[in-house]
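# Commentary on secondary and tertiary structure
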Amino acid sequence: MNAPINLDTLAAAWVIAKASEERAKAERYDIEKALLALLPAKEEGTVSSEAAGMKITAGFKLTRKADTLALRQHWAELSQEAQDCFKWAAEVSITEIRRAIRDAARIGTGIIKGPVPVVRTDRRWSVGPDGVTQLSVVERLAPTSTCVSCWDLFPDPSVTDDLQAGAYLFEREYATSRTLREFAKTPGYDADTLVEILREGPLKISQYDERQERRTRPLESEDYEVYHYWGDLDPEDLINSGLSVRGVLEPAQEGDPEALETRRMQLERLATLTSVSIVATMINGRLVRVAPNPLETGAFPFDVVRWEAVEGRLWGSSATRSVRTPQRMLNASARAMMENVGMAK
C-alpha cells in the first residue's frame, strides 16, 4: 500500500532531491574544469574539439570595465590617445524632460537647457591593502540638462519662431544662499564677489502682479534673483578684461612695435567679422562670472518644445487652447439644455 502523501513527506523528499541536484551540479563542474584543462586556452573567443562522436565547444570572455571615478580623477595624466578612447555625454534627467512636456501641454511651451556644468559629489567605499575600509569623496564637473520655465526666459524681442536667430537672451533663476555657496565651488565664479553678496543678502524682487495688469510690486524673499546673459561680445572687450582670444597675439608680445600694429589690425578685423559667444552671470546687480559659451558652435543651450507651433511666434499653443472652441460649444449646449428644463417646469 502506498504511503499517504502529506507536507512532511513531500518536504523530506524535496530536501533529498535538492541534495542530489547539488551533488550532480558539483560533479558536472568538476568535469567541465577537467575538459577546459585539456582544451587549448584563449583570452577571447571559442575553441572546439571532437570526442566520443560529440563536438565540445568552450567560450572564453574577457570583461573590460572602466573605473569612472578614477578615470575622472586622473584624466589630465592620460595621453591624448587614451583620452580619445572615451566619450562623455550629458546626463539626461527623465524628470526634467517630463517637466518640459508638462509645461508644453499646460501653457504651450516647455524649455530644456543643456548641457550645463554642475558639481557632482561621488562617494565610494574601498578596501585598502591593509584591509581597512575607506570612504573616498570626489567632486567633479558633469554636464547635465534641466527644465527652465518659459516665464524665466527673456529672448531677443526680434525672435519669431527660432530661438537661435536672436542676438541674445536672458535667463532668470532663483537661488538660495546654499546655491550661491555651491556656485563658489564651480570654476569661473568670483568667490570674493559671492562673499559680498551673501553678506548683504538678497535684494527686493520685482514680481509681476496679475491682479493689476502691467504693474509690478516689490516682493520680500529670501531667494536671490540670478540672471544669466547669453550673447556675443566683441573680442576687444574680452581682451581688455584680461581674457585671451584665439587668433590674437598675447599681451606679452606687446613690447615689439610690429607686434602692437599686428595686434591692432587683428582686433579691427575680429571686431568687424567675428564675435565671441559668452555667458555672464549677475546677482544683486553684480557680475560674478564671465565664461565662454560651453557650446563651441556659439548656439544657445536651450531647446524649445511647443505643444502646437504658432507661425511667427516662439511660444506655442497649449492643449487646453486647442479644445477651447469645443469647450465653449459644450458649455453653450449644456446651458441651453438647463434653460429648456427650467422653461418646461
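Residues numbered from 1 in each chain as written. Predicted model: local features only at pLDDT ≥ 70, side-chain atom pairs only at ≥ 80, totals over all residues. Heavy atoms only, no water.

### Overview of the nonpolar core
Ranked by size, the top nonpolar core spans 13 residues in total, and within it I111, L153, L163, L169, W230, F300 and F302 carry the most contacts. When sequence neighbours within four positions are dropped, the list of residues in contact with L163 reads L153, P155, L169, F300, F302, V304 and L314. Formed by ten residues, the second largest nonpolar core is a distinct cluster that contains Y189, V226, I283 and V288. (Core = buried A, V, L, I, M, F, W, Y, C linked by side-chain atoms within 4.5 Å. Buried < 20%, exposed > 50% of the residue type's maximum accessible area, 1.4 Å probe, protein only. Contact = heavy atoms within 4.5 Å.)

### Description of the pairing of strand β3 (residues 109-127)
Taken together, the five bridges between β3 and strand β12 (residues 302-306) define a ladder with antiparallel strand orientation. Bridged to K113 within β12 is F302. Pairing geometry for β3 and strand β4 (residues 133-148), over 15 bridges, is antiparallel. Looking at the pairing, V119 lines up with L141 of β4. Linking β3 back to β4 in an antiparallel pair, the connection comprises five residues, with G131 at a positive phi of about 85°. (Pairing = 2+ DSSP bridges. Helix = DSSP H or I, 4+ residues; strand = E, 2+ residues; numbered from the N terminus.)

### A closer look at the packing of helix α5 (residues 177-185) against helix α6 (residues 191-200)
Packing of α5 against α6 leaves a shortest axis separation of 10 Å and a crossing angle of 170°. Taken together, the axis directions place α5 and α6 in an arrangement best described as roughly antiparallel. Listed contacts from α6 to S177, L180, R181, F183 and A184 of α5 are L194, I197 and L198. Broken down by class, the residue content of the contact of α5 with α6 amounts to six nonpolar, one polar and one charged. (Axes fitted to C-alpha atoms, helices over the stretch in contact; angles between N-to-C directions. Parallel < 35°, antiparallel > 145°, perpendicular 65-115°, else oblique. Nonpolar A, V, L, I, M, F, W, Y, C, P; charged D, E, K, R; others polar.)

### Notes on the confidence of the model for the chain
In the predicted model, the chain carries a mean pLDDT of 80, and 81% of its residues have values of at least 70. Between the elements of the chain, mean pLDDT differs from a low of 51, seen in strand β8 (residues 216-219), to a high of 92, seen in strand β5 (residues 153-155). The low-confidence segment residues 209-217 (pLDDT under 50) makes 14 contacts with residues lying over four places distant or belonging to another chain. (pLDDT = per-residue confidence, 0-100.)

### Concerning the packing of aromatic side chains
Counted according to the given criterion, the structure contains five aromatic pairs. With centroids separated by 5.9 Å and ring planes inclined at 90°, the aromatic side chains of W230 and F302 adopt a geometry described as edge-to-face. With W230 in strand β9 (residues 224-233) and F302 in strand β12, this pair connects stretches of sequence that are 72 residues apart. Given the relative accessible area of 3%, W230 is considered buried. (Phe/Tyr/Trp six-rings, centres within 6.5 Å; stacked < 30°, edge-to-face > 60°.)

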